[in-house]
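# What the coordinates show
Okay, here's what each chain looks like letter by letter:
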Amino acid sequence: MGIFDKIRGEFIDIIEWTDDSRDTIVWRFPRYDNEIKMGAKLTVRESQAAVFVNEGQVADAYPPGMYTLQTQNMPIMSTLKGWKYGFNSPFKAEVYFVNTRQFTDLKWGTQNPVILRDAEFGMVRLRAFGGYAVRVVEPVALLKELAGTDPQFRTEEVSDYLRSMVISKLGPAIAAAQVPMLDLVTQQDQIAGKISNALNLELREVGIEISKFMIENISVPPEVEAAMDKRTQMGVVGDLDQYTKFQSANAIEAAANNQGGAGEGLGIGLGMALGQRAAGPQQQPAPQQYQQQAPQQYQQPQYQQAPPQPQYQQQAPPQMPPPLPQSEQWFIGANGQQLGPFDRAGLGQQISSGTLAQDTLVWKAGMAQWTPAAQVPEVSALFGAAPPPLPPS
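Cut-off values and rules
Residues numbered from 1 in each chain as written. Predicted model: local features only at pLDDT ≥ 70, side-chain atom pairs only at ≥ 80, totals over all residues. Heavy atoms only, no water. Helix = DSSP H or I, 4+ residues; strand = E, 2+ residues; numbered from the N terminus. Buried < 20%, exposed > 50% of the residue type's maximum accessible area, 1.4 Å probe, protein only. Lys, Arg positive; Asp, Glu negative; His and termini not counted. Salt bridge = Lys/Arg side-chain N within 4 Å of Asp/Glu carboxyl O. Polar contact = N/O pair within 3.5 Å; in protein donor to acceptor, adjacent residues only side chain to side chain. Contact = heavy atoms within 4.5 Å. Pairing = 2+ DSSP bridges. Phe/Tyr/Trp six-rings, centres within 6.5 Å; stacked < 30°, edge-to-face > 60°. Lys NZ or Arg CZ within 6 Å of the ring centre and 35° of its normal. Core = buried A, V, L, I, M, F, W, Y, C linked by side-chain atoms within 4.5 Å. Domains from an automatic or database assignment.

## Considerations on the side chain of Arg101
You can see Arg101 is positioned in the loop between β7 (94–99) and β8 (103–109). Notably, Arg101 is buried but unbridged: the nearest opposite-charge side chain belongs to Asp19, and the N-O separation is 4.6 Å. Within polar-contact distance, the side chain of Arg101 engages the backbone oxygen of Arg22 at 2.7 Å. Among all residues touching Arg101, those that are not within four sequence positions of it are Arg22, Asp23, Ser47, Val134 and Arg135.

Printed below as a string of structure tokens:
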């Protein structure tokens, strides 16, 4: 093999790219010091485009297909550079493969809340997040504006730029929709479409477009969510008075299941409260009605018999009468013995029987010592009221 055949073997004659990274947008063919042979085969697969750059200038771009690199197929390159050797010489041109498929693993989210004015809640802070898909529509523009001479241009290098653009369009799109905050979930698709259109107007200048834009969620701060949950609970409960009665009934049932005395007392108290609340103020007897019924009760023939307890509890006023005063308890010292206790009537009987005389010692609680009856005003007054003893027959 001659020296020229050896040199010819160093020339590149197959140019292709199979992507296995799933996130590479632009990939430069590694030419190193080798030159591309005239007549080499260029393979551009579906979802790819190839861009030739010669001496810093874009020479040509190829859509999917297989090409033989000849001057007839490369009119732009033939005008950029004259070939010394009858256009049969190899050439040193950079080849960039551009991935034109959709990249669907891109996410966006608001790092800081977007402040908007809502007709119902006033000033609100909203957060949102979602995803989007992007693809290349102008390979040459992308290479000039974003990728440059990067040998491997990935999605992570452009994701921050796209995310910033998304956030800048989010607030105006929501405000322009003029949708109440509680109805934003029903308008997410329309808002996403407006944001996508606004983004594509600017991104086409750099050769890419948003093929799909999604809003997954629009939320408010946690404290606002808690307040909205309380408001929702009030709406679910409805009539608070009926809800209170329902809760009281549940408490009575729970107390009835408790066999202890505390549970029984709690059940009785809650039952009385529930009965009074269910009866309502229209069934409470007025004070005037009670005063009119009281004399009728005392005019019954059996005055000393108390009326039945349930009827008294239903007609009794809220305030209970004070306890009856305790009668005095007197003791007598007669013939060396202590007799008693006696009340006032009992003392009168003792006077009548002759057991209690004016010099008889008496005592009751509160006195310092035994005292003759004549010196105690309460007892001495009884001697004039009681009849004297009968004379002997």
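## Description of the sheet that holds strand β14 (residues 337–342)
An order of β14-β13-β15-β16 is seen for the four strands of this open sheet, with the pairing classed as antiparallel. Two strands lie at the open edges of the sheet, namely β14 and β16 (371–372), each paired on one side alone.

## Focus on the pairing of strand β13 (residues 330–334)
Sheet faces and side chains relate simply in a regular strand, where the side chains alternate between the two faces. A large share of β13 lies buried, amounting to four of its five residues. For β13 and β14, the ladder comprises four bridges, and the chain directions are antiparallel. Residue pairing in the sheet places Trp330 in a bridge with Phe342 of β14. Hairpin remark: β13 followed by β14, antiparallel, with two residues in the connecting loop; positive phi at Asn335, about 55°. Here β13 runs beside strand β15 (residues 361–364); their pairing, made up of four bridges, is antiparallel. Bridge assignment links Ile332 to a residue of β15, and that residue is Val362.

## Quick word on the packing of aromatic side chains
Taken as a whole and judged by the stated rule, the model has nine aromatic pairs. Measuring from ring centre to ring centre gives 5.5 Å for Trp17 and Trp27, while their planes differ by 10°; the resulting arrangement is stacked. On the criterion of sequence distance, the pair formed by Trp17 in the loop between β1 (12–15) and β2 (24–28) and Trp27 in strand β2 is long-range, its members being ten residues apart. Pair check on accessibility: Trp17 and Trp27 agree, each one buried. Where Trp27 meets Phe97, the ring centres are 6.1 Å apart and the plane angle is 35°; that geometry is what we call tilted. Linking Trp27 in strand β2 with Phe97 in strand β7, this pair joins segments that are 70 residues apart in sequence. On the basis of relative accessibility, which here comes to 19%, the residue Trp27 falls in the buried class. Against the face of Phe103 rests Arg101, its NZ or CZ located 4.4 Å from the ring centre.

## A word on the nonpolar core
With 43 residues, the main nonpolar core has Val26 and Phe213 as its most contacted residues. Taken domain by domain, the makeup of this core includes at least three residues from each of domain 1 (3–75 + 89–99) and domain 2 (102–221). Once you skip the residues sitting within four places of it in the chain, Phe213 turns out to touch Trp108, Gly131, Tyr132, Val166, Ala192, Ile195, Ser196 and Leu199. Judged by nonpolar contacts, the second largest core, of 16 residues, contains Ile15, Trp27, Ala50 and Ala59.

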